[in-house]
Amino acid sequence: MSAHQNHSTLEVLPRNKAKIKKIWKTALILLVITAIEFLLAFTMERGMLLFAIFIGLTIVKAGYIMMEFMHLKEESKVLFWSIMLPLITLMWLLIALFKEGADIFMYRW
Amino acid sequence: MSSTAIEINSKRGIWDGGNEPLKASYGKLMMWFFLLSDIFTFAAFLITYGAIRVSYPGFEGHVADFASSNEYWPIPEMIFNAIPFVHGVHAPLVFVGLMTFILIMSSVFMVLAVEAGHRNDRADVTKWLLWTILGGVTFLGCQAWEWSHFIHGTDGGTLMTYVNTFGKTVSEMVYGANLHVNEYGPAPFAQLFFFITGFHGFHVTIGVVLLFLAFYQAAVGIYERRGHYEMVEKIGLYWHFVDLVWVFVFTFFYLV
């Protein structure tokens, strides 16, 4: 390694236009979804339907961030699933604790 | 990456070593699994928020008639309605929307820095990292203002009956928020606000420090001598994660 201790400059590759365009497109999608959430927050009646839409849109946004920005989609299948499977099991924690909270509500009020 | 090439015999068995089943470097793998554990922590926080929220009654009636009380959970858009420099203007969720925009843009700049790193383009890496840091610092500034406003409260305050720190039930005007009582709603509302946004802000702070490190090392050419910009990619993963968490905090805290 010490023999190569020079200031060799790496070859700079040209900008990948298609890739950069895709990044900006993803950014636009994320911002549009956030704008839709805003619009719904002030136009729709508050309730379970609205909350379900919000959570659905959030998961879509999370998907775009993980797949496009963090490039999880491009990783090997084993790595992809070893990240995704534990996250899917979190859904159970969500359902279980919401049930728990609703039961405490019944007990208290 | 490595100067030594390992000759891989295609007949070699899977247990004979020299395999790379996940096809990712050690550092990147560790970052992914650290993030997975961090997702568990944040998920625990947010799901706790949800569980405590549904254990309280919601506000019955029109959103416009909302008045704070510790009898029911507050409507977030009626609480987070202030913006800096303009006092007393009802601007629901405008400021937090701006914060979301800033963090998403910062995430976009980060992915552009990672893309530049793949091309070994030092100038582009430093440029985009600087934009990313700017976004992160602006976000932190916004959050500091948000906290300050939340703690100090509104002009009017709320008349509340609650058990004070001496164990006595009192009825008095409450201004702002602390861990014991707050003018917006039940005590857990402010507690969860402090814990969740605080923990997220702490992550953003760490992210800014790491980004500055990456910016410095890229600018002085350490990565160029190293031969790759993988550190930018790893710190990028962390930064996107911070954005990812904010997307959930935004939904659970400010919308639902």
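The name recorded for chain B in an unreviewed UniProt entry is Bb3-type cytochrome oxidase subunit IV, from Echinicola pacifica. The annotation that UniProt attaches to chain B under Sequence similarities (unreviewed entry) is "Belongs to the cytochrome c oxidase subunit 3 family."

Looking up chain A in an unreviewed UniProt entry gives the name Cytochrome C oxidase subunit IV, with the organism given as Echinicola pacifica. In its Subcellular location (unreviewed entry) section, the UniProt entry covering chain A states "Cell membrane".

Caption draft 1: Local environment of the packing of aromatic side chains. In this structure the tally under the stated criterion is 39 aromatic pairs over all chains. Between the aromatic rings of Tyr 223 of chain B and Tyr 229 of chain B, the centroid separation amounts to 5.8 Å while the plane-to-plane angle is 65°, which identifies the pairing as edge-to-face. Of the two residues, Tyr 223 of chain B and Tyr 229 of chain B, both sit in the buried class. In this arrangement the basic side chain of Lys 77 of chain A is found over the ring face of Phe 80 of chain A, its NZ or CZ atom lying 5.8 Å from the centre. Positioned over the ring face of Tyr 56 of chain B is Arg 108 of chain A, at 4.9 Å from the centre of the ring.

Caption draft 2: Spotlight on the nonpolar core. Of all hydrophobic cores here, the largest spans 102 residues; its most connected members are Phe 150, Phe 253 and Tyr 254 of chain B. Counting residues per element, the ones that place at least two in this core are α1 (17-43), α2 (48-69) and α3 (77-108) of chain A together with α1 (26-54), α3 (94-118), α4 (122-152), α5 (187-219) and α7 (230-255) of chain B. At 17 residues, α7 of chain B tops the list of elements feeding residues into this core. Each of two domains, domain 1 (18-74) and domain 2 (77-109) of chain A, supplies a minimum of three residues to this core. Not counting chain neighbours up to four residues away, the residues in contact with Tyr 254 of chain B comprise Pro 76, Glu 77, Phe 80, Leu 93, Val 96, Glu 146, Phe 193, Thr 197, Trp 246 and Val 249 of chain B.

Caption draft 3: Structural view of the UniProt feature "transmembrane region" (unreviewed entry) in chain A. Residues and elements named next belong to chain A. Feature annotation in UniProt assigns "transmembrane region" (unreviewed entry) to the following positions: residues 23-42, 48-66 and 78-98. Across residues 48-66, the secondary structure splits into 100% helix and 0% strand, with the terminal C-alpha atoms separated by 27 Å. Structurally, residues 78-98 is divided into 100% helix and 0% strand, and its ends, taken at the C-alpha atoms, are 31 Å apart.

Caption draft 4: View of α4 of chain B. Given a rise of 1.5 Å per residue, 31 residues ought to cover 45 Å, and the 45 Å separating the end C-alpha atoms of α4 of chain B matches this to within 8%. Of the residues trailing α4 of chain B, Gly 153 of chain B is marked for its positive phi of about 85°.

Thresholds, definitions, all that
- Residues numbered from 1 in each chain as written.
- Chains lettered and ligands numbered in written order.
- Predicted model: local features only at pLDDT ≥ 70, side-chain atom pairs only at ≥ 80, totals over all residues.
- Heavy atoms only, no water.
- UniProt positions renumbered as here; feature names shortened; annotations may be inferred.
- Phe/Tyr/Trp six-rings, centres within 6.5 Å; stacked < 30°, edge-to-face > 60°.
- Buried < 20%, exposed > 50% of the residue type's maximum accessible area, 1.4 Å probe, protein only.
- Lys NZ or Arg CZ within 6 Å of the ring centre and 35° of its normal.
- Core = buried A, V, L, I, M, F, W, Y, C linked by side-chain atoms within 4.5 Å.
- Helix = DSSP H or I, 4+ residues; strand = E, 2+ residues; numbered from the N terminus.
- Domains from an automatic or database assignment.
- Contact = heavy atoms within 4.5 Å.
- Expected span 1.5 Å × (residues − 1).

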